[in-house]
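# Breakdown of the fold
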Amino acid sequence: MTTTVPRFEELIAPSHWRTVEFISDLHLQASEPATVAAFEHYLRTTEADALFILGDLFEVWVGDDTIDEPGSFEARGCAALGAASQCRPLYFMHGNRDFLAGPAFLRRTGMTGLADPTVLVFGHQRIVLSHGDLLCLDDVDYQRFRIQARSSAWQDAFLAQPLATRRTQARGIRQESEAKKQSGVTYADVDGPAAIGWLQAAGASTMVHGHTHRPAEHTLAPGLARVVLSDWDAAALPPRLETLRLSAQGLERIALDPR
Ligand code: MN
């Protein structure tokens, strides 16, 4: 499957930002309380001037009306994000699990939505930010689904169903994907030539993305790098809790304390 090079939105970092941090793939869910607690602690303690969440913050998002369900997991998450965005700007990019997080979610949390991809201009550095799923070209079935699921027709039809129905459907899809994972299937990775094409089109030397849960720094070509964020799992041994910090010195992985 081939891809055309997308249009790159540009975000110019204000000159007073000293550090920004990137996270993704926390897959927050009620059944993983330790990861939720670690995230809430991180939101309260990070000293970054801005926080970029590059998708799959939530394990699943079935509609913004979940925020108004009294005591819902989504309402709790939004409260924590809302408090954090009072202290520093928070940016949110959709992942393949939470692509239905909409305008009401952004309003409630005070976060700013980020297009995928976006070029962050930070001093002299130009960094392409993406969730990463768009570049996993070998997963043809998923790319087909993605086009469908990002259409307003599909989204309107899905969101028109009662919330309980949507929650049931999401559980079904999640069980299927768990079963697929257990079966030992290998997942597609980011396509190297396509990533190089994006970097060249964006005039950037570095790409930061998540999605694949394969944290690493890849040199794609001389001077072109692909930096992959870790997913989060506070209950894993050892715990996977990590942020990627950008400063004038470049990128640095920071291991966070479990809570
Ligand atoms: Mn993902």
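For the structure itself, look to the data block above.
Thresholds, definitions, all that
Residues numbered from 1 in each chain as written. Predicted model: local features only at pLDDT ≥ 70, side-chain atom pairs only at ≥ 80, totals over all residues. Heavy atoms only, no water. Pairing = 2+ DSSP bridges. Helix = DSSP H or I, 4+ residues; strand = E, 2+ residues; numbered from the N terminus. Axes fitted to C-alpha atoms, helices over the stretch in contact; angles between N-to-C directions. Donors = N, O, S within 2.8 Å, 3.2 Å for Na, K, Ca; no water. Buried < 20%, exposed > 50% of the residue type's maximum accessible area, 1.4 Å probe, protein only. Salt bridge = Lys/Arg side-chain N within 4 Å of Asp/Glu carboxyl O. Parallel < 35°, antiparallel > 145°, perpendicular 65-115°, else oblique. Left-handed = near helix turned anticlockwise from the far one by under 90°. Contact = heavy atoms within 4.5 Å. Nonpolar A, V, L, I, M, F, W, Y, C, P; charged D, E, K, R; others polar.

This part covers the sheet that holds strand E6 (residues 118-122). Strand order across the open sheet formed by six strands is E1-E6-E7-E8-E10-E9, with mixed pairing between neighbours. Each end of this open sheet is capped by a strand with a single partner; those strands are strand E1 (9-12) and strand E9 (216-221). Each neighbouring strand pair of the sheet contributes to a mean axis angle of 25 degrees, computed without reference to strand direction. Pairing between strand E7 (residues 125-130) and strand E8 (residues 206-209): four bridges, direction parallel. Following the sheet pairing, Ile 127 is matched in E8 by Thr 206.

The subject of this paragraph is the coordination of the manganese ion. Distances from the manganese ion to its protein donors, namely Asp 56 (OD), Asn 96 (OD1), His 131 (NE2) and His 211 (ND1), fall within the range 2.0 to 2.3 Å. Mapped onto the sequence, the residues coordinating the manganese ion show the spacing D-x39-N-x34-H-x79-H. Here the residue Asp 56 occupies a position in the loop between strand E3 (50-54) and helix H2 (73-85), and His 131 occupies one in the loop between E7 and helix H4 (140-149), the gap between them amounting to 75 residues. Exposure class is identical for Asp 56 and His 131. Each is buried.

Right, let's get into unusual backbone geometry. Across the junction of Asp 116 and Pro 117, the peptide omega takes the value 0 degrees, indicating a cis bond. Here Pro 117 lies in the loop between strand E5 (112-114) and E6. In the segment running from Leu 237 into Pro 238, the intervening peptide bond is cis, with an omega of -10 degrees. Counting through the fold element by element, Pro 238 comes out in the loop between strand E10 (224-228) and strand E11 (242-247). Positive phi, normally seen in glycine, also occurs at His 27, with a value near 50 degrees. Judged by its relative accessible area of 11%, His 27 falls in the buried class. Despite not being glycine, Asp 56 has its phi angle at roughly 55 degrees, a positive value.

Another aspect to go through is the pattern of salt bridges. In the structure shown here, the tally under the stated rule is 18 salt bridges. Here Glu 74 makes a salt bridge to Arg 167, at a shortest N to O gap of 3.0 Å. Within this pair, whereas Glu 74 is found in helix H2, its partner Arg 167 is found in helix H6 (residues 163-182), the two being separated by 93 residues in sequence. With its nearest N and O atoms 2.6 Å apart, the salt bridge here joins Arg 253 to Glu 217. Highlighted residues: Arg 253 in strand E12 (residues 250-255) and Glu 217 in strand E9, separated in sequence by 36 residues.

Turning to the packing of helix H1 (residues 33-45) against H2, a few remarks are in order. Contact geometry of H1 with H2 gives a least axis separation of 9 Å together with a crossing angle of 20 degrees. Between H1 and H2, the angle is such that the two are roughly parallel. Considering the relative orientation of H1 and H2, their crossing is left-handed. Residues Val 36, Phe 39, Glu 40 and Leu 43 of H1 touch H2, and the partners they reach there are Phe 73, Arg 76, Ala 80, Leu 81 and Ala 84. Classifying every residue of the contact of H1 with H2 gives seven nonpolar, no polar and two charged.

Right, let's talk about the pairing of E7 for a bit. Among the six residues of E7, five are classified as buried, and the element is accordingly described as predominantly covered. By the bridge criterion, five bridges tie E6 to E7 in an arrangement that is antiparallel. Within E7, the residue paired with Thr 118 across the bridge is Leu 129. With antiparallel pairing between neighbouring strands as the criterion, E6 and E7 make up a hairpin whose turn holds two residues, including Gly 123 at a positive phi of roughly 60 degrees.

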